[in-house]
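# Survey of secondary and tertiary structure
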Amino acid sequence: MISKTMQDALNAQINLEQFSAQLYLAMSAHCTGKSFKGFAHWLMVQASEETAHAAKLIGFLLDRGGRLELKAVAAPPTDFGGVIQVFEETLAHEKSITGRINALFEQARNEKDHASEIALQWYVTEQVEEESKVGEIVDHLRAVGDQGGGIWYLDSKMGKRVIG
Ligand code: FEO
């Protein structure tokens, strides 16, 4: 049986993953509005990954006999500026999620909750990948700038992302 403190922390993380999905959906719509269909597609795929992250945590919580307590998901902003700002904000958001995952991992370790620690290892690894891939996109965007043909080339590349 999972502890009440770990159950609360996992429920909070589930809400954050759901917020991440909302945030990336809003960013995707913003990019669509600017005719950047490739960036919009990438962010839509990212939103579906975040929904999967929440679902995976829900499955774990229920497997441990925990109680799922879904809360209202905060509304994301509707305007994000240029594409570079969108991905800089994505990177900042992922870094904040990494901090939360690390705190959860630490909590599991302190509680000697080995099952949670092992489940959270997947998220620790996933955050390394998330920060790396978004960091690369930010670097590419900064290199080509907001104007000119480079950003449209990047847009076409981003449109090729597949789920998984
Ligand atoms: Fe679920 Fe992007 O971290």
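The following refers to the structure shown.

This brings us to helix H5 (residues 149-158). Where H5 is concerned, the buried positions are Ile151, Leu154, Asp155 and Met158. All buried residues of H5 lie within an arc of 105 degrees about the axis, which places them on one face of the element. Turned more than 90 degrees away from the buried face of H5 sit Gly149 and Tyr153, all of them exposed. Buried residues along H5 sit in contact with helix H2 (37-63), helix H3 (83-110) and helix H4 (114-144).

Counting across every chain of the model gives five aromatic pairs. What links up through ring pairs into an aromatic cluster is the set Phe36, Phe39, Trp42, Phe87 and Trp152. One residue, Lys56, lies across the ring of Trp122, its end atom 4.5 Å from the ring centre. Lying across the ring of Trp42, Arg161 places its NZ or CZ 4.2 Å from the centre.

The next point concerns unusual backbone geometry. Of note, Ser35 is a non-glycine position whose phi angle comes to about 70 degrees, a positive value. Turning to its location among the elements, Ser35 is positioned in the loop between helix H1 (4-33) and H2. Residue classification places Ser35 among the partly exposed residues on the basis of a relative accessible area of 47%. At Lys112, a position not held by glycine, the phi torsion is positive, near 55 degrees. Topologically, Lys112 is positioned in the loop between H3 and H4.

Attention now moves to the nonpolar core. With 25 residues, the main nonpolar core has Phe39, Leu43, Phe87 and Leu141 as its most contacted residues. Elements with a contribution of two residues or more to this core: H1, H2, H3, H4 and H5. Among the elements that make up this core, the one with the highest residue count is H1 (six residues). Excluding residues that lie within four positions of it along the chain, Phe39 makes contacts with Cys31, Val83, Phe87, Leu141, Ile151, Leu154, Asp155 and Met158.

Looking at the element boundaries, Ala103 is found in helix H3. Between the C-alpha atom of Ala103 and that of Ala9, which follows or precedes it by 94 residues, the distance is 9.6 Å.

For the rest of this paragraph, the subject is the layout of surface pockets. Considering only enclosed or pocket space, the largest pocket measures out at about 210 Å³ in volume. If you go around the largest pocket, you meet 12 residues; those closest to its centre are Trp42, Lys133, Glu136, Ile137 and Met158. Among the elements of the structure, H2, H4 and H5 are those that each provide at least two residues to the lining of the largest pocket. Ranked by the residues each element gives to the lining of the largest pocket, the list is headed by H4, at four residues.

As a further point, take the environment of Asp63. In this fold, Asp63 is placed in helix H2. Residue classification places Asp63 among the exposed positions, given a relative accessible area of 70%.

Calculation criteria
- Along each chain, the written sequence defines residue order, and numbers are assigned to residues from 1.
- Predicted model: local features are reported for residues with pLDDT of at least 70 only, side-chain atom pairs are reported and counted for 80 or more only, and whole-chain, interface and lining totals are derived from all residues.
- Values reported for side chains reflect all heavy atoms of the structure, with hydrogen atoms and water molecules removed beforehand.
- For the exposure calls, accessible area comes from a 1.4 Å probe over protein chains only, and a residue counts as buried if that area is under 20% of its type's maximum, exposed if over 50%, partly exposed in between.
- Strands are runs of DSSP state E lasting at least 2 residues, helices are runs of H or I lasting at least 4, and numbering of each runs from the N terminus.
- As used here, the arc is the angular range of directions from the helix axis to the C-beta atoms.
- In this description, contact between two residues means that some pair of their heavy atoms is separated by no more than 4.5 Å.
- Pairs were defined over the aromatic rings of Phe, Tyr and Trp, the Trp ring being its six-membered one, requiring ring centres within 6.5 Å. Orientation was assigned from the angle between planes: stacked under 30 degrees, edge-to-face over 60, tilted for the rest.
- By definition here, charges over rings are those cases where NZ of Lys or CZ of Arg is within 6 Å of the ring centre and within 35 degrees of the ring normal.
- Working definition of a nonpolar core: buried Ala, Val, Leu, Ile, Met, Phe, Trp, Tyr and Cys residues. They are joined through side-chain atoms within 4.5 Å.
- Both cavities and pockets are sets of points on a 1 Å grid over the protein atoms alone; in a cavity a 1.4 Å probe fits but cannot get out, in a pocket the set is open with protein on both sides within 12 Å along at least five of seven lines, and lining residues sit with an atom within 4 Å of a point.
- Grid points are joined across faces, edges and corners, and a volume is the space filled by probe spheres set on the points.

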